[in-house]
Amino acid sequence: MVTGLKYLTLLAAVLACSPPGRPPDEVQHVEDGYDLWLRYRPISNEMRLAEYLDAAAYLVVEGSSPTLRATRDELTTGLLGLLGTELPAETRVSRDGAIVAGTPGESAIIAALPIAEELRVAGEEGFVLRAMSVAGQQAIVIAANEDVGVLYGAFELLRLIQTQRSLRDLAITSAPRIQRRLLNHWDNLDRSVERGYAGSSLWEWEALPDSVSPRYRDYARANASIGINGSVLTNVNANAQVLTPEYLAKVATLADVFRPYGITVYLTARFSAPMEIGGLGTADPLDPSVQQWWAGKAAEIYRAIPDFGGFLVKANSEGQPGPQDYDRSHAEGANMLADAVGPHGGIVMWRAFVYSNELPVDRVRQAYDEFTPLDGAFRENVLLQAKNGPLDFQPREPFHPLFGAMPETPLMMELQVTKEYLGQDTHLAFLAPMWKEVLDADTYADGEGSTVGSVIDGTLHGYPRTGIAGVANVGTDRDWTGSDFNQANWYAYGRLAWDHALSSEEIAEQWIRLTFSNDSAVVAAVQVMMLASHEAVVNYMTPLGLAHQMARGHHYGPGPWVEGGRADWTSVYYSRADSGGIGFDRTATGSNAVAQYFPPVRDRFADRDSVPDDLLLWFHHVPWTEPMRSGRTLWDELVHRYNAGVDTVRWMRATWETVEGKIDEQRFLDVQAFLRIQEKEAEWWRDASILYFQTFSDMPIPAGYPRASHPLSFYRSLSCPPDTRKPRCEAIY
Ligand code: BDP
């Protein structure tokens, strides 16, 4: 028990111990975003503080592996920040208030606890977190079968304290649903980041391996805190140089920093590497010299990085080399690489994002057509990595029809955390609801309840290997992600990769508490903003199932008029707007892509009466005057949706104003400025899109909706590439 006097003394100590610039008052603290959700600011709720001071008085961590050392460091730093007192490390449980952490293998104390069943459920990477009696004393136990589970448990405990949850009845057993929870970095060796909006690549290739940035460790901590356990360091549009001895030494150094945090390193493999850096005349996967080259390369990699995860490969897609250059199949290509890394325990993640402009077939059909005949033809250490939808990370897509259609081939899902098509760094779009929409979608592959989540976590088809990938949004910006709210997407990705059954609501709430404040007014206001934000972006960019209406190349800002050049990279290819209507007919009268879904999903999407409004124009070409469920014509509904998107952003701005003074000023102002830009740009999207589509509908803007302040020619003439200096497109302000 903490007596009143003791408590007051401790509180005084907390205040006195706060490092300079870290007063307990969240409002006054200068925040630059670097600490992400690991801020460890002093607990301001006095009742809770008293409880924690009671429950967490000293640390008993048995074992000395680098991971357990990292665990001890994190608990010590975290609790010092939160409770204002440095927890002594002790070797035994002698009184109430111990935090006991370890594995039964290394800790006799943990081994003696009656938690065998919980540990069984926790599995390889999970953990058991319990308030319980240890040696007759009240303690908090963080137990796991492996050291990394202890680390994950420690982060969970810190999260509970940061979000000011009571620890009294603590009884959590948690295990990840998916084995490989990876970030894919689209980072180039010159430190540019493809589709990166947060500065340069974190990997300082020139300085490595001699100089090791402290940021690498903080990157690893951030990932471990949300359960991410792998990092593909290089761009899918790969450079073979990274496989040379010079670069492998650099990669090995990064792997050494990440290893204590449970993070395994992977690389992208350029299919033509045997020719580019190996001096061979071919990269044909069936050529013995090519096979030998890759086997030798794999052995070399594993000598430098014994726990190397494996290769990610983009082949025969968007100009990348691949097995089809030699008339070999994707399976033949993937298997050749799988045979090279297999003996070392490595895997190959083969991307399903393939399509060809030469094929006169709807682009969204192509991956399914290409890969379903190959089901069962891949080595057991190959995983097929499909994007969440069949096109390309659009604000809204139906789930990819490959999910459920390859029972013999482990499918990974790839999500784009970096918001290439969703306003990049500036626009606030919380993506958990979008990802949940796909994870929770029912494929009906094996009857009702065959959700996409159950496909990728392996439960539906019994996949022995499972994985999920998120295209990273991090870079050298001080706040890592280019905006305060983009951090939430990194966080949400990790949390969903660990447990896709979590709700968007709870992830948002946790993140707000960790990142901004535990003040319930702040939590409530920011949570509703976040939850509404993705739908707002869908509405002002691509409502009713439209897709790929972004400006050419950089994909920032509207470009519904984009045409010419490669057809499947133009907007008109996707909107199919004409005087008869708008939308892509993917039913039997059109490309019939809808047939790739299992019934009854197929029928629901194919039938004009049952297709959800949100996917209407994805599957149907609809006359402008056709009545919608709302009673409006399609044209009026489109105008309505674009405006709804703008209105939501306006409301988000107003809602943000209510947190002024309740969070630190710097981040308040940063978000406020970005929301102002977002509102302007939402109007830009709306006005440009409506004016353009009006040239086909030839219908008036319904009464009560605003008119664009410029003619269409003005919007068409704008050229507003993303600029790291904001605001973006001066002309529209
Ligand atoms: C597209 C991006 C492009 C990527 C490609 C991919 O615009 O930069 O290379 O995806 O995933 O959306 O390979």
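Look up: the structure comes first, before these words.
The following refers to the structure shown. Source: prediction; values computed, not measured.

### Here we look at the packing of helix H17 (residues 520-541) against helix H22 (residues 665-697)
Thought 1: At their nearest, the axes of H17 and H22 sit 9 Å apart, and the two run at 30° to each other. Classed by the angle they form, the pair H17 and H22 counts as roughly parallel. Residues Met529, Val537, Tyr540 and Met541 of H17 pack against Leu675, Gln678, Ala682, Trp685 and Arg686 of H22.
Thought 2: Looking at side-chain class alone, the contact of H17 with H22 contains seven nonpolar, one polar and one charged residues.

### Some remarks on the environment of glutamate 563
Thought 1: If you trace the backbone, glutamate 563 turns up in the loop between H17 and helix H18 (571-575).
Thought 2: The spacing of glutamate 563 and glutamate 681 is 118 residues in sequence and 22 Å in space, taken between C-alpha atoms.
Thought 3: When residues no more than four places from it in sequence are discounted, the contact partners of glutamate 563 are Arg552, Thr570 and Val572.

### Focus: the packing of helix H16 (residues 504-515) against H17
Thought 1: Contact geometry of H16 with H17 gives a least axis separation of 9 Å together with a crossing angle of 130°. Classified by the interaxial angle, the pair formed by H16 and H17 is oblique. In this structure, H16 meets H17 at a crossing whose hand is right-handed. Residue-level contacts link Ser504, Glu505, Ala508, Glu509, Trp511, Ile512 and Arg513 of H16 to Val522, Val523, Val526, Gln527, Met530 and Leu531 of H17.

### Details of the pairing of strand S12 (residues 411-416)
Thought 1: Counting buried residues along S12, six of its six residues qualify, which places the element largely inside the surrounding structure.
Thought 2: Covered by surrounding structure in S12 are Leu411, Met413 and Leu415 together with Met412, Glu414 and Gln416, the residues of both alternating faces.
Thought 3: Two strands pair when backbone bridges link them, and strand S11 (residues 382-387) and S12 are joined in this way by four bridges, in the parallel orientation. Note that in S12 the partner of leucine 384 across the bridge is leucine 411.

Cut-offs applied
- Residues numbered from 1 in each chain as written.
- Predicted model: local features only at pLDDT ≥ 70, side-chain atom pairs only at ≥ 80, totals over all residues.
- Heavy atoms only, no water.
- Axes fitted to C-alpha atoms, helices over the stretch in contact; angles between N-to-C directions.
- Helix = DSSP H or I, 4+ residues; strand = E, 2+ residues; numbered from the N terminus.
- Parallel < 35°, antiparallel > 145°, perpendicular 65-115°, else oblique.
- Contact = heavy atoms within 4.5 Å.
- Nonpolar A, V, L, I, M, F, W, Y, C, P; charged D, E, K, R; others polar.
- Left-handed = near helix turned anticlockwise from the far one by under 90°.
- Buried < 20%, exposed > 50% of the residue type's maximum accessible area, 1.4 Å probe, protein only.
- Pairing = 2+ DSSP bridges.

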